[in-house]
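The lines below spell out each chain.
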Amino acid sequence: MKEVIIVSGKGGTGKTSLIGSLAELAENKVLVDCDVDAADLHLLLAPTIIAEHDFIAGVKATVLAESCNSCGLCEELCQFGAVTMNQQALINEMSCEGCGVCAHFCPEQAIKLHDHHCGHWFQSQTKYGPLVHAQLMPGEENSGKLVTKIKQEARQLAEAQGLDLLLVDGSPGIGCPVIASLSNADMIVAVTEPTLSGWHDLERLLDLADHFRIQSLVCINKWDLHSEMSQEIEDACKKRGTEILGRIPFDRTVVDSQIQGIPVVCHNDSHAASAIRDIWEKLSVRIKESPADSVPPHLQTLG
Amino acid sequence: MKIAIASGKGGTGKTTLATALALAATGPVQYLDCDVEEPNGHLFLRPQLDNSEQCAVIVPQINEELCTYCGQCRDICRFSAITQFGQTVMTFPEMCHSCLGCFRVCEEKAISEQKREIGILESGRAGDILFTHGRMRVGEAMAVPLLNAVKNQAQDDHLVILDAPPGTSCPFVETVLNCDHVLLITEPTPFGLHDMALAATALNNFNIPYGVILNRAGLGDDRVQRWCEEHDVPLLLEIPFDRRIAECYARGGSLLESIPELTHQLRELLDTLQEVNA
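Residues numbered from 1 in each chain as written. Chains lettered and ligands numbered in written order. Predicted model: local features only at pLDDT ≥ 70, side-chain atom pairs only at ≥ 80, totals over all residues.

As recorded in an unreviewed UniProt entry, chain B goes by the name ATP-binding protein, listed as coming from Candidatus Desulfatifera sulfidica.

An unreviewed UniProt entry annotates chain A as 4Fe-4S binding protein of Candidatus Desulfatifera sulfidica.

As structure tokens, then:
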């Protein structure tokens, strides 16, 4: 099975629009939306949810009011500023990391830890194939663990259905959820744009892929907003040995298709759509060429 | 006053707006780039960065000469950062949340503090604007300790503009906590509204006041205006879609260069927020 992760560093460069179109073009795949705290792929693919599951991860501490004698030890021990002392100790769930140190040392056993419900994940069917996606509750943590969870589920689903490709929509940034989504990846497709921020963030993302020894391929979206910079980005990529898969022009049909809730390649007359078809043609060759027994980089489960 | 600029969805114009607000402000102002994974504010404000320091977190180092292999450090750690096989104790520093539970639980005092670098904190000035950002080390997963180091630079006698990272999870939360007001900037598309609404749900839970700024108005449809009306959320400003703004942004130009009259509007917006929060 091959895994291709669509990432960008900078947000809003067109990851989800691209993968929405690859969903239409690629066959025998499972789609995975790993942007679990701002998931949008379902808005393009109109999934029917087959199964919904709770996502429980980590713990939170609560104070049993009847047992607390206000000694203040928990406030002193908490490294996250989650405890305030009034008449009794009060734990701010937002700041609590669930380390359990307060509960362990409380002389009155007045602090209990309880499992924390952070979100939901879904197995869905779309007209383009199965989709595994999730929704972290707004403001929650453990995004990396949820990414790891839905990727595992997607792999199992692919194996069970004899599908040989995982197409993964990643998060912006280069931190916890992105690193979790890169585990087992055969290659990343980095979507960038010809802006100073797009380029700056791309470089950090490519450094991250190099760090984990994962092959990178680059797409320049909205390339004609600054054609000179697009050329500079291409040159910089070539210098570091990173292949450019293609360029996608700025095209209002991308926004139109998002509003209609369909992948942009479903528009026959769109310039962006034909550029994306060319990109898929190249990418599908790279996927076939990538070694089947590639040793996955060892990445721990991150929370 | 602390104002955070957030969005839910990435690429909707947080840094564009945050840097334009810092440039438009009339009094003492500070810009804090809280997107430590992909900081971009420096590309637009071009600060002179005079101060640079490593940011590190404390992780355990086991002194095996003192260790009795009692297993208590492994048992208290809820982040799988310590394991023990027979007479070998291993630590996984990148899993550690620095709760210090293992230090405290070890009766033999066999654990000493080791520092793990997670990134650098850089500060300086861009004209009259005080500037700080964090650059997380590539390969590092944990953004929050560095983000908090950035936030700790906040000067209470300044107007502090915090440029939040995308998303609605912990880095977003850490940025907006204890802010007086949040400006949610979005674009008139299904993705833009969907993710902004998630961020708004989180802000409702935290009781942090917020308003919406619509960027690229005219590119999509009127769903953001309708949402604001239905949810009784103030739509504070609309920035039109204009290819020239996009081209100016591409080069690292400020929004105020493309639309000079916006300076006045942003000042009025800041005045209104100061009054509301006074």
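*Asks:* Help me understand the overall build of chain B in this model?
*Replies:* Scanning chain B from terminus to terminus reveals 11 helices and 11 strands. Sequence separation of at least 24 residues holds for 73% of the intrachain contacts in chain B that already meet a minimum separation of 6. (Helix = DSSP H or I, 4+ residues; strand = E, 2+ residues; numbered from the N terminus. Contact = placed C-beta atoms within 7 Å.)

*Asks:* Help me understand the overall build of chain A, please; the structure alone is not making it clear to me.
*Replies:* Helices and strands together make up the secondary structure of chain A, namely 10 helices and 11 strands. Over its C-alpha atoms, taken along the principal directions, chain A stretches across nearly 70 × 40 × 40 Å. Looking at the 303 residues of chain A, the share that counts as buried comes to 55%. Put simply, 76% of the contacts in chain A that link residues at least 6 apart link residues at least 24 apart. (Buried ≥ 20, exposed ≤ 12 C-beta atoms within 10 Å, placed from the backbone.)

*Asks:* I would appreciate a short explanation of the sheet that holds strand β7 (residues 129-136) of chain B in the present structure.
*Replies:* Sheets are built from strands that pair by backbone hydrogen bonding, the pairs being arranged parallel or antiparallel. Residues and elements named next belong to chain B. The strand order across the open sheet built from 9 strands is β3-β6-β7-β2-β8-β1-β9-β10-β11, with neighbouring strands paired in mixed fashion. Looking at the sheet topology across the chains shown, the edges are occupied by β3 (48-62) and β11 (235-240). Adjacent strand axes in the sheet meet at a mean angle of 20 degrees, parallel and antiparallel pairs treated alike. Alignment of strand β10 (residues 210-217) against β11, held across 4 bridges, turns out to be parallel. When the bridges of β11 are listed, V212 appears paired with L235. Helix-sheet contacts for helix α1 (residues 14-24) involve β1 (2-6), β2 (29-33), β7, β8 (159-163), β9 (181-186) and β10, and the interaxial angle to β8 is about 165 degrees. Against the sheet, helix α8 (residues 223-231) engages β9, β10 and β11, with an angle of about 165 degrees to β10. (Pairing = 2+ DSSP bridges. Axes fitted to C-alpha atoms, helices over the stretch in contact; angles between N-to-C directions.)

*Asks:* Could you clarify how one ought to interpret the interface of chain B and chain A in this entry?
*Replies:* It is common to report an interface's size as the accessible area lost on association of the parts. Taken together, the contacts link 56 residues of chain B with 52 residues of chain A. Within the residue set of the side of chain B that touches chain A, elements represented by two or more residues are α4 (101-105), α6 (170-176), α7 (190-206) and α9 (243-250) of chain B. When residues in the side of chain B that touches chain A are grouped by element, the largest group, 10 residues, is from α7(B). Classifying every residue of the side of chain B that touches chain A by side-chain character gives 27 nonpolar, 19 polar and 10 charged. (Nonpolar A, V, L, I, M, F, W, Y, C, P; charged D, E, K, R; others polar.)

*Asks:* Please clarify how unusual backbone geometry should be interpreted in this entry.
*Replies:* Glycine aside, residues mostly have negative phi angles, and peptide bonds mostly take the trans form. Look at A:N28: it is not a glycine, yet its phi comes out positive at around 50 degrees. Inspection of the secondary structure puts A:N28 in the loop between α1 (15-25) and β2 (29-33). Of note in the backbone geometry, B:L100 takes a positive phi value of approximately 70 degrees without being a glycine. What makes B:L100 partly exposed here is the crowd of 19 C-beta atoms within 10 Å.

*Asks:* What am I meant to see in the confidence of the model for chain A here?
*Replies:* Detail in the predicted coordinates should be disregarded across regions flagged by low pLDDT. When the pLDDT values of chain A are averaged, the result is 94; 96% of them are 70 or greater. Counting contacts from residues 299-303 of chain A, a segment whose pLDDT is below 50, to residues more than four positions away or on other chains yields 20 contacts. (pLDDT = per-residue confidence, 0-100.)

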